[in-house]
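Analysis of the macromolecular model
Here are the chains, one letter per residue:
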Amino acid sequence: MPIIAPSLLAANFLNLTEECKMLNESKADWYHLDVMDGRFVPNISFGPILVEVFRKATTKICDVHLMIEEPGNYAEAFKKAGADILSVHIEACTHLHRTIQQIKSLGMLAGVAVNPHTPVENLKDILANIDLVCLMSVNPGFGGQSFIQHTLHKIKQLREMIDEQSLNVKIEVDGGVTLENAKSIIDAGADVLVAGNTVFKAADPIGMIAALKNL
Ligand code: DX5
Ligand code: ZN
């Protein structure tokens, strides 16, 4: 069964109490929290203050996806805010290994996110040190975009790399996940499905989460 990680970016921010209550009552496994700085991506979302709010609203795992430059400078702040998993972009880290060590030494699980144009081969020498790869299946910055089909090929490739080394690294697919394409994403080897609009804009979000979970 896939891990379902709804992206709160698509939630109704005027009604977060109800949105969190819905998620807590649903089969969702993780809260996926998208942090954007207006530099690494052309959009600004929220920072540690809101992560702390979500942390208090749930006992589920808080999966924080940093789409920011110099993410190492903020690792401690997100730990304090209550992040369980902290993912940084490979494209934003000159000293990726150091940043991963920093995240782990703070007591969080470490993830590496990769943009659609970044080959998964670039993860070869970091794979043994991380817990999660967040494969972007849209260009990061906005919810509600269409899934880039080439990602299916990247999922398969990454699955082989992980299995060859018998590593315990989860593959998370982020962007444009729908009820229609989710099965092919899981069949390609994904462990975690991030879903923003598909969940929060559904007529029945709890039912949608259950449907994704039971694929
Ligand atoms: C995009 C974010 C995604 C986004 C997913 O930059 O990383 O997590 O919120 O939203 P949907 O599922 O609507 O594509
Ligand atoms: Zn994300």
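Here the structure is shown first, and the text comes after it.
This write-up is about the structure you can find in this document. (Residues numbered from 1 in each chain as written. Chains lettered and ligands numbered in written order. Predicted model: local features only at pLDDT ≥ 70, side-chain atom pairs only at ≥ 80, totals over all residues. Heavy atoms only, no water.)

With that settled, the discussion passes to the overall build of the chain. Summing up its helical and strand segments, the chain has eight helices and eight strands in all. Taken over C-alpha atoms, the radius of gyration comes to 16 Å for the chain, in line with the 17 Å a tight globule of 215 residues would show. By principal-axis analysis of the C-alpha atoms, the chain measures approximately 45 × 35 × 30 Å. The buried share of the chain, taken over its 215 residues, is 55%. For the chain, the proportion of contacts with a sequence separation of at least 24, taken over those separated by at least 6, is 66%. Of the roughly 9600 Å² that the chain leaves accessible, carbon and sulfur atoms contribute 51%. Once the 18 positive and 25 negative side-chain charges of the chain are each reduced to a mean point, those two points are 4 Å apart. (Helix = DSSP H or I, 4+ residues; strand = E, 2+ residues; numbered from the N terminus. Rg over C-alpha atoms; globule rule 2.2 N^0.38 Å. Buried < 20%, exposed > 50% of the residue type's maximum accessible area, 1.4 Å probe, protein only. Contact = heavy atoms within 4.5 Å. Areas by Shrake-Rupley, 256 points an atom, 1.4 Å probe, with all protein chains shown as cover. Lys, Arg positive; Asp, Glu negative; His and termini not counted. Charge placed at Lys NZ, Arg CZ, Asp CG, Glu CD.)

Among the structural elements, Glu-172 can be located in strand β7 (residues 170–174). Aside from chain neighbours lying at most four places away, what touches Glu-172 is Ala-5, Trp-30, His-32, Asp-63, Leu-132, Val-133, Cys-134, Leu-135, Val-192 and Val-194.

In this section: the sheet that holds strand β3 (residues 61–67). If you trace the eight strands from one edge of the open sheet to the other, you get β1-β8-β7-β6-β5-β4-β3-β2, paired in parallel fashion. Sheet topology places β1 (3–6) and β2 (30–36) at the edges, where each strand pairs with a single neighbour. On average, each strand axis in the sheet is inclined to that of its neighbour by 25°, with strand direction left out of account. Alignment of strand β5 (residues 109–114) against strand β6 (residues 132–136), held across four bridges, turns out to be parallel. Within β6, the residue paired with Ala-113 across the bridge is Cys-134. Helix-sheet contacts for helix α4 (residues 96–105) involve β4 (85–89) and β5, and the interaxial angle to β5 is about 145°. (Pairing = 2+ DSSP bridges. Axes fitted to C-alpha atoms, helices over the stretch in contact; angles between N-to-C directions.)

This paragraph deals with the coordination of the zinc ion (ligand 2). Distances from the zinc ion (ligand 2) to its protein donors, His-32 (NE2), Asp-34 (OD), His-65 (ND1) and Asp-174 (OD), fall within 2.0 to 2.3 Å. In this structure, the zinc ion (ligand 2) is surrounded by six donor atoms whose angles at the metal cover 69 to 170°, and the resulting shape is octahedral. Read from N- to C-terminus, the donor residues coordinating the zinc ion (ligand 2) fall into the pattern H-x1-D-x30-H-x108-D. One end of the pair, Asp-34, is in strand β2; the other, His-65, is in strand β3, and 31 residues separate them in sequence. His-65 sits in the buried class, given a relative accessible area of 1%. (Donors = N, O, S within 2.8 Å, 3.2 Å for Na, K, Ca; no water. Tetrahedral: all angles 85-135°; square planar, octahedral: opposite > 155°, others 65-115°.)

Before going further, it helps to examine unusual backbone geometry. Phi at Glu-70 takes a positive value of approximately 45°, unusual for a residue other than glycine. When its relative accessible area of 51% is taken as the criterion, Glu-70 is described as exposed. With a phi angle near 50°, Ser-166 is a residue other than glycine that sits in the positive phi range. Classification of Ser-166 as exposed rests on a relative accessible area of 66%.

Moving on, we get to the pairing of β3. A large share of β3 lies buried, amounting to six of its seven residues. Here β2 runs beside β3; their pairing, made up of seven bridges, is parallel. Within β3, the residue paired with Tyr-31 across the bridge is Cys-62. The β-α-β motif built from β2, the intervening helix α2 (residues 48–57) and the parallel element β3 has right-handed crossover chirality. Bridge count for β3 against β4 is three bridges, and the pairing is parallel. Its bridge partner lying in β4, Val-64 is registered against Leu-86. Considered for its hand, the β-α-β crossover made up of β3, helix α3 (residues 75–81) and β4 is right-handed. (Right-handed = clockwise from strand over helix to strand, strands pointing away.)

For the coordinates displayed, the defined rule picks out zero disulfides. Cys-20 provides the cysteine sulfur closest to Cys-62, a residue in no disulfide bond, and the two sulfurs are 9.1 Å apart. By relative accessible area, which is 0% here, Cys-62 ends up buried. Unpaired in terms of disulfides, Cys-93 finds its nearest cysteine sulfur in Cys-134, a separation of 13 Å. (Disulfide = S-S within 2.5 Å.)

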